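Residue strings, one per chain:
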Amino acid sequence: MMPAFYIIDGIRTPFCKVGTDLARESAVDLGAGAFRQVLARTGIDPALIDAVIVGCVGQPADAANLARVMALRSGVPEKVPAFTVHRNCASGVEAFTQAYQAAAANRGKIFLIGATESMSNYPLLFPGRATKKFSALSRARSLWRKCGGLSKFRPSDFRPRITLKLGLTDPTCNLNMGQTAENLAREFKISRGQQDAFALRSHRRAIAARGCLREETFALYPGSSGRRPHLVENDNGPRPQQSEEALGNLRPVFERPYGTVTAGNASQITDGAVAMLAMTGPACRQLGVAPMGRIIDYAYAGCDPRRMGLGPAYAINEVERRTGLGIRDADLIEINEAFAAQVLAVKRACQSTRFCQNELHRPSPLGRIPREKLNVNGGAIALGHPVGATGGRLILSSLRELKRRNAQRALVTLCVGGGQGAALWLEAA
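If you're wondering where the values come from, they're calculated on a predicted model, not measured in any experiment.

### Description of the overall build of the protein chain
The helix and strand tally for the protein chain stands at 16 helices and 14 strands. The C-alpha atoms of the protein chain give 22 Å as radius of gyration, which agrees with the globular expectation for 429 residues (22 Å, within 12%). Referenced to the eigenvectors of the C-alpha coordinate spread, the extents of the protein chain come out at roughly 75 × 55 × 40 Å. Summed over all atoms, the accessible surface of the protein chain reaches about 18800 Å², with 51% contributed by carbon and sulfur.

Rendered as structure tokens:
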């Protein structure tokens, strides 16, 4: 048995669509702001922290090991080490489970955990041939040589590659994430109408839960760059006026004209950050702090990259093998809404005897995932999916919702680009 590891408190920025309210904030700015908030809320002496661990996917080139930069900018002493982890969409969960592993190995008692992403600031890449020409131009000393270097450029040299698009394409199967969702829609016979209905429910639940969601966020004034500063208080993805008709009018994005995945039934590209303070049981008692909850156990699992959205089913099976806890034992269940098709496919896979026997090598299905327990405050289709930060949000939101409902356990799971799944069980304190 692993030792008890508790989440004391957590906070997050509002999640905002790419290019909007938080676009001028870097991943470091967003994460450091969240760190300062959680340190102020808990009142802990930062010198007591044993390590800082941060999950991020699009790590900025000008802040190598952004965890260290975030820690120092938020007032954590220089003596406290920090490192950054990357497991695609589960990077926020990875940061948390790395801290859990370190605590279990007696490598620390108190951890500051972060998850951050600024998808607005993903860079553009020049082609390699253009890079060589720029390099040669920088070495030219005379005006004549500079002119000669400039003359070698062609219009195609200034056609950049979009790193966001590259990052959402799997290099092993040459499919982007939307195409993998289309694969699942066909395999599990999930219609466009079913996907749109799920998306509409995500928006409606997020709007209905706006007060609850506001409790887990802090307001901030993002960098204005000469514009009038404006206060950002709420997630700006949920649409109060979203309708089934409006969703039905959207064109397929990834497979035209007969695809089913649209911008409306897929997660939104988003900026945001999460911060949590976690510690061992002895540290809680020593400091006299009351925790929000604890982790029971976790698991990661791999699957076919072409069906990466099924990762949660594999991970749920693995964590059940470790803990004996199954879907039936969850009071709340979170499956990150990368795509409506993906979540619906996971639901069907978990309930399918054939899938569970052939793929998971178990005699019986994992079980039915009740609608009333699943993503009760909406998910990434409405709230957005800042890839490195989402796992942190799911942990934080689940613990707060358990407390509101006076419930006991939550199952948190995500699919992971590249063909993986993550799942962890949380228990209210």
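### Focus: the pairing of strand E1 (residues 5–12)
Among the eight residues that make up E1, seven are buried, leaving the element largely enclosed by the rest of the structure. Two elements, E1 and strand E10 (residues 270–280), share seven bridges in a ladder whose sense is antiparallel. The residue bridging Phe5 from the neighbouring strand is Thr280, located in E10. Bridge count between E1 and strand E11 (residues 293–302): two bridges; the pairing is antiparallel. Directly across from Tyr6, in E11, lies its bridge partner Arg294.

### A word on a nonpolar patch on the surface
On the surface, Val18, Leu168 and Ile269 cluster together into a nonpolar patch covering about 190 Å² of accessible area. Mapped onto the elements of the fold, Ile269 is located in the loop between helix H10 (244–248) and E10. Accessibility expressed as a relative area gives 33% for Ile269, which makes it partly exposed.

### Remarks on the packing of aromatic side chains
Within the structure shown, the criterion is met by twelve aromatic pairs. Geometrically, the ring pair formed by Phe254 and Phe339 is edge-to-face, given 6.3 Å between the ring centres and 80° between the ring planes. Note that Phe254 is positioned in the loop between H10 and E10 and Phe339 in the loop between strand E12 (332–335) and helix H13 (340–351), a separation of 85 residues in sequence. Given a relative accessible area of 28%, Phe254 falls into the partly exposed group.

### Topic: the pattern of salt bridges
Summed over all chains, the structure comprises 22 salt bridges. A salt bridge links Asp235 to Arg12, with the nearest nitrogen and oxygen atoms 2.8 Å apart. Within this pair, whereas Asp235 is found in the loop between helix H9 (210–214) and H10, its partner Arg12 is found in strand E1, the two being separated by 223 residues in sequence. The pair Asp235 / Arg12 is uniform in exposure class, with both members buried. Notably, a salt bridge pairs Asp157 with Lys133, separated by 2.8 Å at the nearest N-O pair. Taken together, the residues span a long stretch of sequence, with Asp157 in the loop between helix H5 (143–151) and strand E7 (161–162) and Lys133 in helix H4 (residues 128–139) at a distance of 24 residues. According to the relative accessible area criterion, Asp157 is buried, its value standing at 1%. Each of Glu215, Glu401, Arg404 and Arg405 takes part in one network of salt bridges that share partners.

So, how was this worked out
Residues numbered from 1 in each chain as written. Predicted model: local features only at pLDDT ≥ 70, side-chain atom pairs only at ≥ 80, totals over all residues. Heavy atoms only, no water. Helix = DSSP H or I, 4+ residues; strand = E, 2+ residues; numbered from the N terminus. Rg over C-alpha atoms; globule rule 2.2 N^0.38 Å. Areas by Shrake-Rupley, 256 points an atom, 1.4 Å probe, with all protein chains shown as cover. Buried < 20%, exposed > 50% of the residue type's maximum accessible area, 1.4 Å probe, protein only. Pairing = 2+ DSSP bridges. Patch = residues over 30% accessible without salt bridge, like charges linked within 9 Å, V, L, I, M, F, W, Y side chains within 5 Å. Salt bridge = Lys/Arg side-chain N within 4 Å of Asp/Glu carboxyl O. Phe/Tyr/Trp six-rings, centres within 6.5 Å; stacked < 30°, edge-to-face > 60°.

By themselves, these observations are geometric and do not establish any function.
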